[in-house]
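Next come the chains, spelled out residue by residue.
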Amino acid sequence: MWSVRGPCVVLIFHLVAGAAGQELAGGGEENIVRGDNIVPDDSDYDYSHFLPLNDFHVNDFQDDVCDNEICWSSICSGAEDLDNTMQCGCCPNKRPVKLEDIDLTVSCSPSGALVRYNLTDVLGFGLENLTVVISYQMEGEQDSLDSQEVENFDDTEFSWPGLCSGVSYQFCVEVTHADMSKLDEQNMCQACTPHGPPASNPSSLLVSGGLTYLSASWPAVSPQCADLTYQVLLNGVTQDQPTDKTSHMISFLDPGLYNVSVRAENNEGHSTQPLPSTLYTIREITPPVDVQVTHAVSHGSLLAQVRWNKSIDFEEESLTRRGYLLNLYNSGEEDMPALIEEFNWDEMEKTFLFDSSLSWNTKFSLQTFFGNHKSNETELTELFSTALELSPPEPVTVRNVVINDTLAAVIDWVTSVDDGFEGLGVSITLWTKDNSELYSFSVSNPQNTTTVILENDLPWDTMVTLRTSVGDALSQGTEPIKLFSALELPAPANMTVTHTVENDTLTVEVEWEDAIVVD
C-alpha cells in the first residue's frame, strides 16, 4: 500500500520533448499546451482512475480508506508494491463485504422465516479469519432472538420456525474478518413482517372432569405471541370466549359423549391446521377405583382375589338399588362379556378359582350401577395370567435307551414354575425336520419326564419341542432337539462272510456284530 507518514507536498512534473507553443499540424494556430500535450481549456480527459492524494490521506489505519472500483481492479490487485502505487494508496487491505455481495433475501410467514444468502463472491475476496453469523430480532430491539454461526460456507439458506403475525423482524447476516475497514457493512439486515393466523394448533389435549363439567388443558403453541388466544370447542361448536391461558373449564354440561377440541387464534384468524381432539363422557356415576388382583396357591389350586373401592357416594336415604358389576371376558372376545356378576354396594371383593370353567387369559372389568344407570367400565384387567410368567421348561435333555429291543428317547425337563397347581403342565410336540407337526401330547404337573418309542410312524430325524401349559395357554417353545438322530450309527463290526455249496447251489452267509452303543 502506498502511504504517507507525515505532512508533505508532492509535486509531479511531466516533461515532454518538444517546445510549448509549437504550431499544431494542419491547425495553423498556436495553442498553449501542457507538457503532456493536453490543451488545458478544452480537456475532457477522465481522471477518475487517479485517487486523490494529499496530506489527509494517511492510510496506516483501515478506518481511513476510500471506496473506489479501481481498488478491486487488476490495477491494484496486480501491483507489487501498493505503498508506492499512487492510484491504490487509499485502498483497504481487503475488499470490504457489502450487502450486494451476499444476495441476501428473506421470506417469512407465521410458520417461520427463510433467509437465503450466497457467500460465493465473498469467498473470492481472500479474507482471513472469516466468520459469518446469522441472527434475527424484533425490529427496534437490541437483543437477538436467536443466532447461529455458519459452519459450512457452501450453505445458502437458514430457517427459523414460528413467528408472530404483525411483528416486524430484522434478519441479519454478520460478516467479520481479519482486515475489517469502515467500508465493511458487517451487519447486513433485511426486515420482514409475517401476516396470518397461527401456524399450528396445540399438539395434544388432555381432558378431565366431573358429573357436570369438564376441564381441558393443552401445551402452549410456539411462539407465544401477544395476540395469541385459544378457543375450546365441544362437538365443533365454540364454547365461552377465547382464553389466553392453556386450560379452560366448561360447566353445566349434561351427561353425554363430547368431542373436545381446541384451536389457536390471533387477530388475523384461527389456525387451519388439524385440531387436537379427544372424546370425553360426562357421567353421573363413575366406576370403582383402586382395582387390585392378588394370587395365591392353596391346596393345589390357583386363586385370584379381586378387590376395589367405590368412587362415589350416594345419598343414604335413597332407596334406589345400587352396587357393582364384575364383567368376565374370554380372550379375544372383549366386545361382549361371557359372564356378569352383580355385587351389593358394600361388597367390594371376589375370589376366583382357576379351573376348566375359566381360561388362563380371562379378563375382567368393573362398573358402578345406580338404578338403571351404569358407569363406564374400568380398563380390562388380567384375572390369572399375571400370576406367573409363562416360560418354557429348562433345561431339557434327551437320552436314548433300548426298551424291549426297541430304540426309545427319554425326555427330562425342569419346570419353570416353582409352585405347581392344578392345570399346570407341559405340552410336548414332535416335528419333522421340515418343521411339520407330527403330533402333540401333554404331561401334567408335577411329572417331569416322558418316553417316546421309535415306531413306524416316526421318522428317524424326528425333533421335539416343549412348552409350559396352563389351561389353554402355552408358553414359547424350546429350541428343537433331535429325538433319535443324535445317536451315532457306526458300521457293523466283525463282519464275516461264509460260502457253502450244497446241491450245486452256492450259499453266502454274512454275519456281523452290532456296534451301536446306547447308555
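Owing to the predicted nature of the structure, the values given are computational and were not obtained by experimental measurement. (Residues numbered from 1 in each chain as written. Predicted model: local features only at pLDDT ≥ 70, side-chain atom pairs only at ≥ 80, totals over all residues. Heavy atoms only, no water.)

Visitor: Looking at this structure, how should I read the pairing of strand 2 (residues 112-116)?
Guide: Of all 5 residues in strand 2, 4 are buried; the element is thus mostly enclosed. Both strand 1 (residues 105-109) and strand 2 contribute to a ladder of 5 bridges, which runs antiparallel. Bridging from a neighbouring strand, Val 106 pairs with Val 115 of strand 2. Here strand 1 folds back onto strand 2, and the loop between the two strands holds 2 residues. As paired elements, strand 2 and strand 5 (residues 157-161) share 5 bridges and run antiparallel to each other. Bridging from a neighbouring strand, Gly 112 pairs with Pro 161 of strand 5. (Buried < 20%, exposed > 50% of the residue type's maximum accessible area, 1.4 Å probe, protein only. Helix = DSSP H or I, 4+ residues; strand = E, 2+ residues; numbered from the N terminus. Pairing = 2+ DSSP bridges.)

Visitor: In this structure, what is going on with the packing of aromatic side chains? I would like to understand it.
Guide: Inspection of every chain in the model, using the stated rule, returns 16 aromatic pairs. Ring geometry for Tyr 169 against Phe 171: centres 6.1 Å apart, planes inclined by 40 degrees, an arrangement best described as tilted. Residues Tyr 169 and Phe 171 agree in their burial class; the two are buried. With a centroid separation of 6.2 Å and an interplanar angle of 85 degrees, the aromatic rings of Phe 354 and Phe 421 are classed as edge-to-face. Of this pair, Phe 354 sits in the loop between strand 20 (349-353) and strand 21 (363-370) while Phe 421 sits in the loop between strand 25 (406-413) and strand 26 (424-431); the two residues are 67 residues apart in sequence, bridging distant segments of the chain. Of the two residues, Phe 354 and Phe 421, neither departs from the other in class, the shared state being buried. Pairwise contacts between aromatic rings join Tyr 136, Phe 158, Trp 160, Tyr 169 and Phe 171 into one cluster. Between the NZ or CZ atom of Lys 350 and the centre of the ring of Phe 352, over which it lies, the distance is 5.5 Å. (Phe/Tyr/Trp six-rings, centres within 6.5 Å; stacked < 30°, edge-to-face > 60°. Lys NZ or Arg CZ within 6 Å of the ring centre and 35° of its normal.)

Visitor: So what exactly am I meant to see when it comes to the sheet that holds strand 16 (residues 289-298) here?
Guide: Either a parallel or an antiparallel arrangement is found when strands of a sheet pair, and the pairing is made through backbone hydrogen bonds. Read across the sheet, 3 strands follow the order 16-17-20 without closing on themselves; strand pairing throughout is antiparallel. Only two strands of the sheet have a single partner each, and these edge strands are strand 16 and strand 20. Here the strands of the sheet are splayed against their neighbours by 20 degrees on average, with no regard to which way each runs. As defined by bridge partners, strand 17 (residues 301-309) adjoins strand 20 across 5 bridges and the pair is classed as antiparallel. By the bridge assignment for strand 20, Arg 307 is matched with Glu 349. (Axes fitted to C-alpha atoms, helices over the stretch in contact; angles between N-to-C directions.)

Visitor: Honestly, the confidence of the model for the protein chain in this entry has me stumped. Any pointers?
Guide: Where the model shows low pLDDT, its predicted coordinates should not be examined in detail. On average, residues of the protein chain carry a pLDDT of 83, and 83% of them reach 70 or more. Across the protein chain, the element-wise mean pLDDT spans from 74 in helix 1 (residues 74-77) up to 96 in strand 10 (residues 229-234). A low-confidence stretch, residues 1-38 stays under pLDDT 50, and its non-local contacts, those more than four residues away or across chains, total 45 contacts. Here residues 49-61 is a poorly scored stretch, pLDDT under 50, and it has 30 contacts once near neighbours within four places are set aside; other chains count. (pLDDT = per-residue confidence, 0-100. Contact = heavy atoms within 4.5 Å.)

Visitor: Quick question: what am I supposed to make of the pattern of salt bridges here?
Guide: Side-chain pairing between opposite charges can occur once the charged atoms of the two side chains come close. This model, assessed by the stated rule, comprises 11 salt bridges. One salt bridge in this structure joins Arg 116 and Glu 157, with 3.7 Å as the shortest N-O distance. Of the two residues, Arg 116 sits in strand 2 while Glu 157 sits in strand 5, which places them 41 residues apart along the sequence. Between Glu 341 and Lys 350 there is a salt bridge whose closest N-O contact spans 3.7 Å. Look at the salt bridges and you will find they share partners, linking Glu 334, Lys 363 and Glu 382 into a network. (Salt bridge = Lys/Arg side-chain N within 4 Å of Asp/Glu carboxyl O.)

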